[in-house]
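One-letter residues, chain by chain:
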Amino acid sequence: MSGSGFGRVGWWGASLVGAAFWLAGSAAHGEDGPVDSAAASARGRSPVQWLQAIELAAQRGSYTGTIVYQHGDEVRASRIVHFFDASGPRERVQTLDGRPREFIRQGDQVQCLYPQQHRVVIEHARHRAAFPALGEAGSASVLEHYALQQGDVERVAGVGCQVLKLVPLDTLRYGYRLWVDPGSGLLLKVQMLSSDESVIEQIAFSDVRIGEPISPAQLKPSWSTNGWSVVRRESHATELSRQGWSVTAPDGFRRLTEVERNLENDPTRAALQAVYSDGLATVSVFIEPGAPAVEPEPAQRRGPLSAFTRQVGDARVTVVGDVPPTTARTIAESVRFSADH
Amino acid sequence: MNSTQRTEEPVPADSDLELLSAWLDGELEAAQAGAMVDRLKGDAMLRVHFEAFSVAGDAMRSQEVAACHVAELASRVRRALDAEPTRLSPGALAGSQLRRHVATGVGVAAAAAMLAVVVLPQLRGSEMASPQTGSPIAATEPVANKGAPKHSVPNTLAARSTLDAYFRAHRELAATGVMPSAVAYIRSSGEPDR
C-alpha cells in the first residue's frame, strides 16, 4: 500500500471542501464531552465529504502519536510524527519494538534507516502512484464500488470518533471500518475486513496529539548515518503496451503508474511494474521477461497482501496487492503478451 | 499429535544453520543467497530445517499465517515454549530471533525442543493433509488452487524467497488507501532488515 505519495499531494488531498473540515476542526479536543462534540461535528456530512475530510487530514494534517498495528497474533507499535507546511509533508516513523529502524520522509524521498546493518535504503517517489481524480470526483469514484455507512460515535485514544464502514459492492475488494476524528478528519483507527467481516488487520492510535506545534528536532533521525552504506531504489517510467503487454484490471481499478525497475536492486531481476487502484485497494502487476519458469501454485497471503504468480510465455507474472487472493489471480490471468504491438 | 514424542533428526552443521537463518532474515548478499537456494534444492535435511524455521517464525509472528501450515500451530508453539524452563520470553521472540536461537543452539533447549516436539511432527502431519485443512484462511478465502499439481520443493522455496521483493516493490510505488501513507512502513516494520 502506501503512500499516495510521499511528497506529492495524494489523491485524498487537495480538496478545498475538505480543507474547510480541517480548519474547522483543527482546534485541540477539549476534555468535556468529546463524544457529544463528535456527534455534533459529524452531523450532516455526506459520504463524499467524509472521504474528502479523511483524505485531507491524512496528507495535510500535523499530528504526533503512537500507532499500534495488529495482524493475527502480531502486534507492533510505532511512533509517528507527521508535519505539513508549504514545502509539503514531512514524516518520521520509529519502530518501538523488534529491531530498531526509522522511516524518514521528506519531499519525494523516503529514507529507511537500518541501524543494525548501518544501512540506509532510499526510496524515491517520483513514480509513486497518485490517484488521478481528486476531491469530489475521486471520492465519488470510490463510492461507485463501496457503500459508506455511518455508525455510532466511539472513543479512540481519548477522542470521540465517528465510526464509518466502507462495504465493498462486490467480492473483488476488502471492506474497511474507520474511526474518524470528526474535527480534523484524521483516521484514528482502521480495520480491514474480509468478506465475512473478520478483521484482517487493524491499525489504531493509542495516543495522538493533533494540530499541536512540531519542532524540527522531532523529524530528525535518531542516528547519524555517516559511514553507513546507502542503497538507492530506482525506477523509470515506461509503457507496458509498447512492450507488447496488456493487463485487464477489474472494474473500478485504474492504472496509476508503469515503471521499469530491478527488484531488490538486483541487475539480474529486471521487471516491469504496473500499479492499479480503485481508490482504496492497490495492486501491483510485475512482469519479469526471461525469469526462471515457475510451476502453478495457489495464491499466497501475507497480512493483508495477496500474491499470485503465473507464467506467460517466457515471462513470470506476479500480482501483489491488498485484495482477496481471487482478485490477484484474476488480474494475473488477464495479462497477455502480443508480439505484434 | 503426541506432544511428548521426540523425533531424532540428523542436524546440519551449526554454520549451515546460521547461514540458513541469515538467509531467511534477508541478511545474505545476492551471491550467498543464490548459493543457499541451490543448496536447499539438493539438501533434503537442510530443507527440513528451512521448513521448520519458517513455520516457527510464522507461528511466532502470526496466528493466521501459522494456520496455513496446520491449525493451532501458533498456540502449540507458544505452549511448548511456555512449558520449557527457559529464560526466554515467548512474547519477546520474533521469528528471526527464534530461528537464530535455534540455529546457534545457544542455551535454547526450549526452542530446540519446540522444533523437535511440535514443529517437525506437525510438518509431517501437514504433508498428509490437504494444504488448507483447518486453515481459517481457507474458510474465508478460496486460496487453494485445486487444479495445481502438488508443489515441488524448489517452487515453494522460490516463492518464499522472492515474495519479499514483490511486497517491497509494491510498497514503494503503491498508492495509499484510506490510511495515512506511513502505514505501509508500519506494516513492514517487522520485516527483516535489508
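Rules and cut-offs
Residues numbered from 1 in each chain as written. Chains lettered and ligands numbered in written order. Predicted model: local features only at pLDDT ≥ 70, side-chain atom pairs only at ≥ 80, totals over all residues. Heavy atoms only, no water. Helix = DSSP H or I, 4+ residues; strand = E, 2+ residues; numbered from the N terminus. Contact = heavy atoms within 4.5 Å. Areas by Shrake-Rupley, 256 points an atom, 1.4 Å probe, with all protein chains shown as cover. Expected span 1.5 Å × (residues − 1). Buried < 20%, exposed > 50% of the residue type's maximum accessible area, 1.4 Å probe, protein only. Pairing = 2+ DSSP bridges. Axes fitted to C-alpha atoms, helices over the stretch in contact; angles between N-to-C directions. pLDDT = per-residue confidence, 0-100. Salt bridge = Lys/Arg side-chain N within 4 Å of Asp/Glu carboxyl O. Core = buried A, V, L, I, M, F, W, Y, C linked by side-chain atoms within 4.5 Å. Phe/Tyr/Trp six-rings, centres within 6.5 Å; stacked < 30°, edge-to-face > 60°. Lys NZ or Arg CZ within 6 Å of the ring centre and 35° of its normal.

Enquirer: Run through the overall build of chain B, naming residues and quoting values.
Expert: Helix and strand counts for chain B come out as 10 helices and zero strands. Secondary structure elements of chain B, listed N to C terminal, follow the sequence α-α-α-α-α-α-α-α-α-α. Sequence-distant contacts, at least 24 apart, represent 64% of the contacts inside chain B between residues at least 6 apart. Carbon and sulfur atoms provide 55% of the accessible area of chain B, an area that totals close to 8,000 Å².

Enquirer: A description of helix α3 (residues 47-60) of chain A should follow, citing residues and the corresponding values.
Expert: All names here are of chain A. Across its 14 residues, α3 extends 20 Å between first and last C-alpha, which sits within 8% of the 20 Å expected from 1.5 Å per residue. Buried residues dominate α3, accounting for 11 of its 14 residues. All of the buried residues along α3 are Val48, Trp50, Leu51, Gln52, Ala53, Ile54, Glu55, Leu56, Ala57, Ala58 and Gln59.

Enquirer: Explain the sheet that holds strand β10 (residues 187-193) of chain A to me, and be specific about the residues and the numbers.
Expert: Residues and elements named next belong to chain A. A sheet is described by the order of its strands in space; here 12 strands give the open sequence β7-β8-β9-β10-β11-β1-β2-β3-β4-β5-β6-β12, paired in mixed fashion. The open sheet has two free edges, formed respectively by β7 (146-156) and β12 (229-233), since each of these has just one partner strand. Taken pair by pair, the neighbouring strands of this sheet meet at an average axis angle of 15°, ignoring direction. Relative to strand β11 (residues 199-210), β10 is paired through five bridges, and the arrangement is antiparallel. In the sheet register, leucine 193 faces β11, and the bridge partner there is valine 199.

Enquirer: A description of unusual backbone geometry should follow, citing residues and the corresponding values.
Expert: Residues and elements named next belong to chain A. The phi dihedral of histidine 118 is positive, around 50°, even though this residue is not glycine. For histidine 118, a relative accessible area of 46% translates into the label partly exposed. Even without being a glycine, alanine 157 presents a positive backbone phi close to 50°. Positionally, alanine 157 belongs in the loop between β7 and β8 (159-168). By relative accessible area, alanine 157 is classed as partly exposed at 30%.

Enquirer: Describe the environment of tyrosine 114 of chain A, naming the residues involved and giving the relevant values.
Expert: Residue and element names in this part refer to chain A. Position of tyrosine 114 relative to the elements: it lies in strand β5 (residues 109-114). Residue classification places tyrosine 114 among the buried residues on the basis of a relative accessible area of 2%. Each C-alpha atom, one on tyrosine 114 and one on threonine 225, is 9.7 Å from the other, the two residues being 111 residues apart in sequence.

Enquirer: Just give me the short version of the confidence of the model for chain A, but keep the residues and values in it.
Expert: Of the residues in chain A, 83% reach a pLDDT of 70 or more, and the chain-wide mean stands at 82. Confidence drops under a pLDDT of 50 for residues 129-135 of chain A, and excluding neighbours within four residues, the segment shows 33 contacts in the predicted structure.

Enquirer: I'd like a description of the pattern of salt bridges, backed by residues and values.
Expert: All names here are of chain A. This model, assessed by the stated rule, comprises 16 salt bridges over all chains. Between aspartate 278 and arginine 173 there is a salt bridge whose closest N-O contact spans 3.0 Å. In this pair, aspartate 278 sits in the loop between β16 (270-277) and β17 (282-289) while arginine 173 sits in the loop between β8 and β9 (175-180), placing the two residues 105 residues apart along the sequence. Given a relative accessible area of 0%, aspartate 278 falls into the buried group. Across the salt bridge formed by arginine 177 and glutamate 197, the nearest N and O atoms sit 3.9 Å from each other. Remark: glutamate 197 occurs in the loop between β10 and β11 and arginine 177 occurs in strand β9; sequence separation between them is 20 residues. Overall, the relative accessible area of 21% leaves arginine 177 in the partly exposed class. Beyond isolated ion pairs, a larger network of salt bridges with shared partners links Lys165, Arg177 and Glu197.

Enquirer: Break down the sheet that holds β17 of chain A for me, with residues and values.
Expert: Residue and element names in this part refer to chain A. Here we have seven strands laid out as an open sheet, ordered β13-β15-β16-β17-β20-β19-β18, and antiparallel in their pairing. Strand pairing shows two members of the sheet lacking a second neighbour, β13 (235-237) and β18 (300-302), which therefore form its edges. Averaged over neighbouring strand pairs, the angle between their axes works out to 25° when direction is ignored. Relative to the sheet, helix α5 (residues 325-333) contacts β17, β18, β19 (305-312) and β20 (315-321), its axis offset from that of β19 by approximately 25°.

Enquirer: Please provide a residue-by-residue account of the pairing of β9 of chain A, values included.
Expert: Put simply, side chains in a regular strand alternate between the two faces of the sheet. All names here are of chain A. Most of β9 is tucked away, with five of its six residues classed as buried. Where β8 meets β9, five bridges bridge the pair, whose relative direction is antiparallel. Bridge pairing in β9 places leucine 164 opposite leucine 178. Count of turn residues in the β8/β9 antiparallel hairpin: six residues. Two strands pair when backbone bridges link them, and β9 and β10 are joined in this way by six bridges, in the antiparallel orientation. Within the sheet, the bridge partner assigned to tryptophan 179 lies in β10 and is lysine 189.

Enquirer: Explain the nonpolar core residue by residue, including any values.
Expert: Leu166, Tyr176, Leu178, Trp245, Val285 and Ile287 of chain A are the most contacted members of the largest nonpolar core, which totals 39 residues. Val121 and Ile203 of chain A together with Tyr185 and Ile186 of chain B belong to the second-largest nonpolar core, a separate cluster that totals 27 residues.

Enquirer: Explain the packing of aromatic side chains to me, and be specific about the residues and the numbers.
Expert: Taken as a whole, this structure holds five aromatic pairs over all chains when the rule is applied. Each ring, one from tryptophan 223 of chain A and one from tryptophan 228 of chain A, has its centre 6.3 Å from the other, and the planes form 35°; the classification is tilted. What makes tryptophan 223 of chain A partly exposed here is its relative accessible area of 27%. Residue classification places tryptophan 228 of chain A among the buried positions, given a relative accessible area of 12%. Arranged with centres 5.2 Å apart and planes meeting at 50°, the rings of phenylalanine 286 of chain A and tyrosine 166 of chain B form a pair that is tilted. A residue pair is termed interchain when its members come from two chains, as with phenylalanine 286 of chain A in strand β17 and tyrosine 166 of chain B in helix α9 (residues 153-173). Its end group placed over the ring of tryptophan 179 of chain A, lysine 189 of chain A keeps NZ or CZ at 4.5 Å from the ring centre. In this arrangement the basic side chain of arginine 269 of chain A is found over the ring face of tyrosine 166 of chain B, its NZ or CZ atom lying 5.6 Å from the centre.

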